[in-house]
Structures are given as structure tokens and as C-alpha cells.
Amino acid sequence: MLADITLGQFYPADSFVHKMDPRVKIVLLIVFIVGIFLAKNLIAFIPAVLFVILAARMSRLPVRLLIRSLKPLRFILIFTFILNIFFLQGNLPEGQEPTPVLDWWIIHLTAEGILQALLYSLRLIVLVLGSSLLTLSTSPIALTDGLEMLMTPLKVIRFPAHEIAMMMSIALRFIPTLLEEADKIMKAQTARGADFESGNILKRAKAMIPLLVPLFVSAFRRAGDLAMAMEARCYHGGEGRTRLRVLKCTWRDLWGAAAAVLMVAGCVLISEFVHII
Amino acid sequence: MSDRRNMPLPHVRVMCVTAVFMALTAISGMWSLPVGIAHIYLTDVIVCIAALLLPPSWACAAGGLGAFLGDLMFYPQAMFVTLITRTVQSLVIGLMKKGLFRKHPLLRDALAVAAGAVIMVCGYTVGHMVMYGSFETTLISYVLPQVIQAVFGAAVALMIVHVFHLEKRMQKLPV
């Protein structure tokens, strides 16, 4: 049951985006996030939306997968939009009055506020789609490899980049094992009469203890076994280690970087020269 | 009799324990308790336990990077907020555990997880304010569930660590 769970959201495909270097994809996601936070109005979002559409097309990911990544957010999106229209007034230049849409009792809705609430919702949608594109097109192992390589320059300040990457790889390897273990413990405790499904919060919290304590003890045992196996094989850290997968930047990464730079420049320039809210 | 608890943990062993904690933190976002229309996730419990059991710098990796990995796989839009908030939370809990009232471990750990809970609530509130819009919206929709989650996580972690003597169990690892 739980052992069959897909690790992360990775969707294997043979595409331009899948073949890009994971390091570049991580940096591009950060640049993309910076870009969408620099977009100050709805028009300035056009380059970001175009960038996401282009990346989604080039990643050959099924559209339903991308839409599915928005599904858990639907309530948050609706709820924050409704709340935002009551609290936001729009970024108006000094001296300019907002355009009232509804003015009743303590409710003051303005056209600028509604546009700004729309902007925040759109920003969240674009942010989720951009992040999902990274996780859907890059395997977790490739992501940790990319993170390790990005952290490598920090070794100068004695940052343990190799250890961190090794721990992330071990953690990824352990996730299915621990999920299976948790499932087994849950079934065993249910057979003994434990009830994880009903009762108030205190009862449910209490019910989690027979799950968590054996899980921790078992996790410690596994960590001990792994440490012993690593020491028996003379593990001594990152010094002089070679890699199975060597990451290499190609022309695809250059195109990706150019597109991201254009997108950020577009967002900034449009925000600077076009004012709609 | 020599006290094994006072012995420095060997490097590889701490690394493996941290990695396992990282995995537990990453998957803990899949377990939740429904409270009204909100859900309390168990991530706080695991982050606090890791911070109470591991040395501060390793706790940062277990809490910060573990939660980051979890978000990267299941909820990527908040992954950077999570990375910063959880790292600071784990660091503060770890440092307070290392530096405060050595003679009163329960009081020390309670203060440490309480400080961690405050950091978690503040960190996510600021993160959500930036991501979702106004302060008022964040206050209404996120702060209360986060406070409940933080208090719940701190209390359950404290109980598990002290009632079930997890520290001693961890020290008994074979190496």
C-alpha cells in the first residue's frame, strides 16, 4: 500500500526540460521566483505566464499533471482571494483615491484592491506551476546531486557540502523504507486495538504515540546498521570520491537561462513603465 | 561505570541518524490530524525531537533540509520559507538545549521547544504574508492553525523524548 507510493512528483519523459542540468533548473527556479515577486501589476505577469507555458510545453508534461499540482491549493486560493479583496486597497500613487466598488457598513471594496487580490492569486498559481515544473521534470536524486554541486563553493567556509548531500541521498533512500515501516507498525497497533481514526485531538495525539515511538526506535536501529556498514566499507567523507552521474551544462541550459533572464527583465521593465494598479 | 551519554557521537553515526531524521521529517507532512477544517501535521513533532536529540548543527540539517525535502516533493511553493524557518527553529532549540539549565533538563527542553514554536509561527507568518498577500489575510487564515500545530508539536515532542527516554535509546546504537 504505502510502499507503492511514488517518491515525489517526478514524471519521466524525454524532453528539453528533463534533459537540462538540475543545477541550472534549481537556479532558474530561484530566478523565476525573484522575477514573479518583482512583477508589480497584472500586465507585468505576462512574461512570467509565458515563461511557464513555454517551459510546460517544452517539458512534454501532461497538462492534467500540472493542473493537479494546483488542486491542493484551490481552497487556499479562493479563501485568500476573498479575504484579500476586503483588506487590500491597491498600490496607488500618493494623492490618488481608490475607485470604490462597494461601500457598505465596514465593507469597503475598491477596484484596485480586487485587482491586487487577483495579482496575488495569480502570483501563487504561477509560483506553484513553476515549482511543480522543477519537481515534475527532475528526479529527487538529480535534485540532490544538483544541490550538492551548488553547495560545493561553500566548502571554502568549511560548509559540509558533501555530508549534507550524502545525508539527503540517504534520506531519499530511506523514505520508502520508513513509510513501509510506519504502515506495518500502524497495522500491528490497529490489530492490538489502537484507534488512529476517531476521537478528539487529544485522543488522536495519544494514538500517535504507539506509532511514533516504535518508528523512532526502528529508525535508530536502521541508522546504526547503516553507520556500521559504512564504517566497514571505510567511508571517510567526500575527499577523492568519484561520481556515477557527472553533471554537465549544455546548450539547453544556456537557452533556459536566457529565457529566464528575459522573463525577469520583462517583469521588471513592465512593472516600471506600465501602471494599472 | 563510564557514562555512554557523555561520549562524543562518532561522525558517521551522527550522519546516519541525521539522515534518518531527515527522512522522517520529509514524510511527516503526510501524517496529519484533522482539527475542524484545518489539519495538524506531525512535522513539528519530528523537527522538535530531532533538535532535542541531535547536536545543533546536525539538527539544522535534519529539521531544515528534511522539511525542505518534504516540501520539494509534495508542496514545492513553500520550500524556501520552510528551509529558512525550520533551520532557524532547529538551531535555536539545539543551542538552547546545549546552553541552558543543565541541571533541569525538562525545564530546559520545554523552554527550547517553546522558543522553537515561536520561531516557527513567526517564520511561516512572514512567509505566508509575502506569498499570499496581506497581513490581515495571513492572520485570519494561517496564524491560528500554526499556533495549534506549534504547541501540539512542542508538547508531543517533549513528552516522547522525556517519557520514552529517546536520548538513552539513541545512545545505545551499535557502533
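Explain the overall build of chain A to me, please; I cannot follow it from the model alone.
Counting its secondary structure elements, chain A contains nine helices and two strands. The order of α-helices and β-strands along chain A, N terminus first, is α-α-α-α-β-β-α-α-α-α-α. Rg of the C-alpha trace for chain A: 24 Å, well past the compact-globule value of 19 Å for 277 residues, more than 25% over. Overall, the C-alpha framework of chain A stretches about 70 × 55 × 40 Å when taken along its three principal axes. Every one of the 277 residues in chain A was classed for burial, and the buried ones make up 32%. Sequence separation of 24 or more characterises 80% of the internal contacts of chain A that already satisfy a separation of 6 or more.

Just checking my understanding: could you explain the overall build of chain B for this structure?
On a plain count of helices and strands, chain B comes out with seven helices and two strands. Walking chain B from its N terminus toward its C terminus, one meets helices and strands in the order α-β-β-α-α-α-α-α-α. For chain B, the proportion of its 175 residues judged to be buried stands at 54%. Considering only residue pairs separated by 6 or more positions, chain B has 66% of its internal contacts joining residues 24 or more positions apart.

How do you make sense of the interface of chain A and chain B when you look at a structure like this?
The figure often quoted for interface size is the accessible area lost as the parts come together. The partner chain B presents 43 residues to the 51 residues of chain A that form the contact. Mapped onto the side of chain A that touches chain B, the elements with two or more residues apiece are α4 (74-87), α5 (111-137), α6 (140-151), α7 (161-191) and α8 (201-232) of chain A. Counting residues per element, the side of chain A that touches chain B draws most heavily on α8 of chain A, at 19 residues. Each residue belonging to the side of chain A that touches chain B can be placed in one class, and the counts come to 39 nonpolar, eight polar and four charged.

Please explain the nonpolar core as it appears in this structure.
The nonpolar side chains of soluble globular proteins are, as a tendency, buried together. Ala 171 of chain A together with Met 22, Ala 23, Ile 49 and Ala 157 of chain B are the most contacted members of the largest nonpolar core, which has 79 residues in total. Broken down by element, this core gets its largest block of residues, 13 residues, from helix α1 (residues 11-28) of chain B. With sequence-adjacent residues up to four places away left out, Ala 23 of chain B is seen in contact with Ala 171, Phe 174, Ile 175 and Leu 178 of chain A. Grouped together as the second largest cluster of nonpolar side chains are 31 residues, Phe 32, Ile 36, Ala 44 and Ala 56 of chain A included.

Would you explain the pairing of strand β1 (residues 100-104) of chain A in this entry?
All names here are of chain A. Little of β1 is tucked away, with zero of its five residues classed as buried. Pairing between β1 and strand β2 (residues 107-110): four bridges, direction antiparallel. For Leu 102, the partnering residue across the bridge sits in β2 and is Leu 109. The hairpin formed by β1 and β2 contains two residues between the paired strands, and Trp 105 there has a positive phi angle of roughly 55 degrees.

Help me understand unusual backbone geometry in this model?
Most peptide bonds take the trans configuration, and most residues that are not glycine carry a negative phi. The backbone of Arg 60 of chain A sits at a positive phi, close to 55 degrees, despite the residue not being glycine. Mapped onto the fold, Arg 60 of chain A is located in the loop between α2 (46-59) and α3 (63-70).

Where do I start with helix α2 (residues 43-53) of chain B in this structure?
Residues lying three or four places apart along an α-helix face the same way, a consequence of the helix completing one turn every 3.6 residues. Summarising burial for α2 of chain B: eleven of the eleven residues are buried, a large majority. When α2 of chain B is considered as a whole, its buried residues turn out to be Thr 43, Asp 44, Val 45, Ile 46, Val 47, Cys 48, Ile 49, Ala 50, Ala 51, Leu 52 and Leu 53 of chain B.

Just checking my understanding: could you explain the confidence of the model for chain A for this structure?
Predicted coordinates in areas of low pLDDT are best not read in detail. Residue and element names in this part refer to chain A. Within chain A, residue pLDDT values average 82, and 93% of them lie at 70 or more. By mean pLDDT, the top-scoring element of chain A is α2 (91), and the lowest-scoring one is β1 (73). Within the model, the stretch residues 1-6 combines pLDDT values under 50 with nine contacts to residues more than four positions away or in other chains.

Could you clarify how one ought to interpret the domain arrangement of chain A in this entry?
Residues and elements named next belong to chain A. Split by domain assignment, chain A resolves into domain 1 (2-150 + 248-273) and domain 2 (160-232). Taking the mean C-alpha position of each, domain 1 and domain 2 sit 34 Å from one another. Listed by partner, the interface residues are nine residues for domain 1 and eleven residues for domain 2. For the side of domain 1 that touches domain 2, the class distribution of residues is seven nonpolar, one polar and one charged.

It is not clear to me how the confidence of the model for chain B should be interpreted in this structure. Could you clarify?
Residue and element names in this part refer to chain B. Confidence along chain B averages 81 in pLDDT terms, with 89% of residues attaining 70 or more. Looking at the elements of chain B, mean pLDDT is at its lowest for helix α7 (residues 166-171), recorded as 70, and at its highest for α2, recorded as 90. Across the whole predicted complex the pTM is 0.79, and at the interface the ipTM reaches 0.81.

Even after reading the chapter, I still don't get the environment of Asp 195 of chain A, so can you show me in this structure?
All names here are of chain A. Residue position: Asp 195 is located in the loop between α7 and α8. A count of 12 C-beta atoms within 10 Å places Asp 195 in the exposed class. Between the C-alpha atom of Asp 195 and that of Ala 207, which follows or precedes it by twelve residues, the distance is 6.5 Å.

Help me out: how do you make sense of the packing of α2 of chain B against helix α3 (residues 56-74) of chain B in this one?
A pair of packed helices can be characterised by two numbers: the angle between their axes and the separation between those axes. Residue and element names in this part refer to chain B. Packing of α2 against α3 leaves a shortest axis separation of 8 Å and a crossing angle of 160 degrees. Judged on the interaxial angle alone, α3 and α2 are roughly antiparallel. As α2 runs across α3, the sense of the crossing is right-handed. Across the interface between the two elements, Thr 43, Val 47, Ala 50 and Ala 51 of α2 pack against Ala 59, Ala 62, Gly 63 and Ala 67 of α3. Residues belonging to the contact of α2 with α3 are distributed by class as follows: six nonpolar, two polar and no charged.

The rules behind each value
- Residues numbered from 1 in each chain as written.
- Chains lettered and ligands numbered in written order.
- Predicted model: local features only at pLDDT ≥ 70, side-chain atom pairs only at ≥ 80, totals over all residues.
- Helix = DSSP H or I, 4+ residues; strand = E, 2+ residues; numbered from the N terminus.
- Rg over C-alpha atoms; globule rule 2.2 N^0.38 Å.
- Buried ≥ 20, exposed ≤ 12 C-beta atoms within 10 Å, placed from the backbone.
- Contact = placed C-beta atoms within 7 Å.
- Nonpolar A, V, L, I, M, F, W, Y, C, P; charged D, E, K, R; others polar.
- Core = buried A, V, L, I, M, F, W, Y, C linked by C-beta atoms within 7 Å.
- Pairing = 2+ DSSP bridges.
- pLDDT = per-residue confidence, 0-100.
- Domains from an automatic or database assignment.
- Axes fitted to C-alpha atoms, helices over the stretch in contact; angles between N-to-C directions.
- Parallel < 35°, antiparallel > 145°, perpendicular 65-115°, else oblique.
- Left-handed = near helix turned anticlockwise from the far one by under 90°.

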